[in-house]
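# Commentary on secondary and tertiary structure
What follows is each chain in one-letter form.
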Amino acid sequence: QVQLVESGGGLVQAGGSLRLSCAASGRTLSDYAMGWFRQAPGKERGFVAAISRSGLTIQYADSVKGRFTISRDDAKNTVYLQMNSLNPEDTAIYYCAADWRVGRAAVIAGAYDYWGQGTQVTVSS
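Residues numbered from 1 in each chain as written. Predicted model: local features only at pLDDT ≥ 70, side-chain atom pairs only at ≥ 80, totals over all residues. Heavy atoms only, no water.

## Examining the overall build of the protein
Within the protein, the regular secondary structure consists of zero helices and eleven strands. Ordered by position from N to C terminus, the α and β elements of the protein give β-β-β-β-β-β-β-β-β-β-β. The C-alpha atoms of the protein give a radius of gyration of 13 Å, which matches the 14 Å a tight globule of 125 residues would have. Judged by the C-alpha coordinates and their principal axes, the protein covers about 40 × 25 × 25 Å. Looking at the protein as a whole, 45% of its 125 residues are labelled buried. Sequence separation of 24 or more characterises 60% of the internal contacts of the protein that already satisfy a separation of 6 or more. (Helix = DSSP H or I, 4+ residues; strand = E, 2+ residues; numbered from the N terminus. Rg over C-alpha atoms; globule rule 2.2 N^0.38 Å. Buried < 20%, exposed > 50% of the residue type's maximum accessible area, 1.4 Å probe, protein only. Contact = heavy atoms within 4.5 Å.)

What follows is the structure, given as C-alpha cells:
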C-alpha cells in the first residue's frame, strides 16, 4: 500500500498563493489516480481536484476552477496543488488521496483507497 504525506500548508493573506505537495512512499505513484479534498470546520470533506493515473484527465471543483492547478511528477512520486487567488473560503484542512482501483480522476471520496493526514491552509481577509 502507499503512504501519503502532505506539506506546504500555512497562513496566507487573501489573494495570495500556496503550493501543496503530497509525497507518496511504499508504492509507485504512477499506479494511482490522485485527488485533493478539503474539510473546513463544521463542514463535510469536499472534492477539490483530481488527476487520472495517466495524467490525461483532470477535474476541478467549480469553486476552484481557474485558480487551482493539480499536477503530478511520477519521477518524484509527488502530486502538487498550486493554489492562486486564495480567499478566506478556501480555509480548510487539505487532504491528498490515492485511488488504485479506478484510475480515473474521481470526484467522490469513496473512490479513493488511501489518504494523507492533511495539511492546514488558512487564508486571512
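Resuming the write-up.
## With respect to the packing of aromatic side chains
Here the structure, examined in full by the defined rule, presents five aromatic pairs. Between Tyr 32 and Tyr 114 the ring centres are 6.1 Å apart and the planes differ by 85°, which places this aromatic pair in the edge-to-face class. Taken together, the residues span a long stretch of sequence, with Tyr 32 in the loop between strand 3 (18–25) and strand 4 (33–39) and Tyr 114 in strand 10 (residues 114–115) at a distance of 82 residues. For Tyr 32, a relative accessible area of 1% translates into the label buried. Ring geometry for Phe 37 versus Phe 47: centroids 5.7 Å apart, planes at 70°, classification edge-to-face. Of this pair, Phe 37 sits in strand 4 while Phe 47 sits in strand 5 (residues 46–51), and the two are ten residues apart along the sequence. The lysine or arginine in question, Arg 45, covers the ring of Tyr 95, its NZ or CZ lying 3.8 Å from the ring centre. Sitting over the ring of Trp 115, Arg 45 keeps its end group 4.8 Å from the ring centre. (Phe/Tyr/Trp six-rings, centres within 6.5 Å; stacked < 30°, edge-to-face > 60°. Lys NZ or Arg CZ within 6 Å of the ring centre and 35° of its normal.)

## Examining the sheet that holds strand 3
In space, the four strands of this open sheet follow the order 1-3-8-7, with antiparallel pairing throughout. On the outer flanks of this sheet lie strand 1 (3–7) and strand 7 (68–73), each paired with one strand and no other. Strand after strand, the sheet turns through a mean of 15° between neighbouring axes, direction not considered. Taken together, the six bridges between strand 7 and strand 8 (residues 78–83) define a ladder with antiparallel strand orientation. (Pairing = 2+ DSSP bridges. Axes fitted to C-alpha atoms, helices over the stretch in contact; angles between N-to-C directions.)

## A word on the state of the cysteines
One pass over the structure, following the stated rule, counts one disulfide. Disulfide pairing is shown between Cys 22 and Cys 96; the S-S distance is 2.0 Å. One quick way to see it: the torsion about the S-S bond of Cys 22 and Cys 96 is about 50°, and its sign makes the bridge right-handed. Here Cys 22 is found in strand 3, whereas its partner Cys 96 is found in strand 9 (residues 92–99), with 74 residues between them in sequence. A single burial state applies to Cys 22 and to Cys 96, both of which are buried. (Disulfide = S-S within 2.5 Å.)

## Digging into the pattern of salt bridges
Applying the stated criterion across every chain yields a total of six salt bridges. We note a salt bridge from Arg 27 to Asp 31, for which the minimum N-O separation is 3.5 Å. Exposure remark for Arg 27: the relative accessible area of 33% places this residue in the partly exposed category. Exposure remark for Asp 31: the relative accessible area of 28% places this residue in the partly exposed category. The network of salt bridges with shared partners includes Arg 38, Arg 67 and Asp 90. (Salt bridge = Lys/Arg side-chain N within 4 Å of Asp/Glu carboxyl O.)

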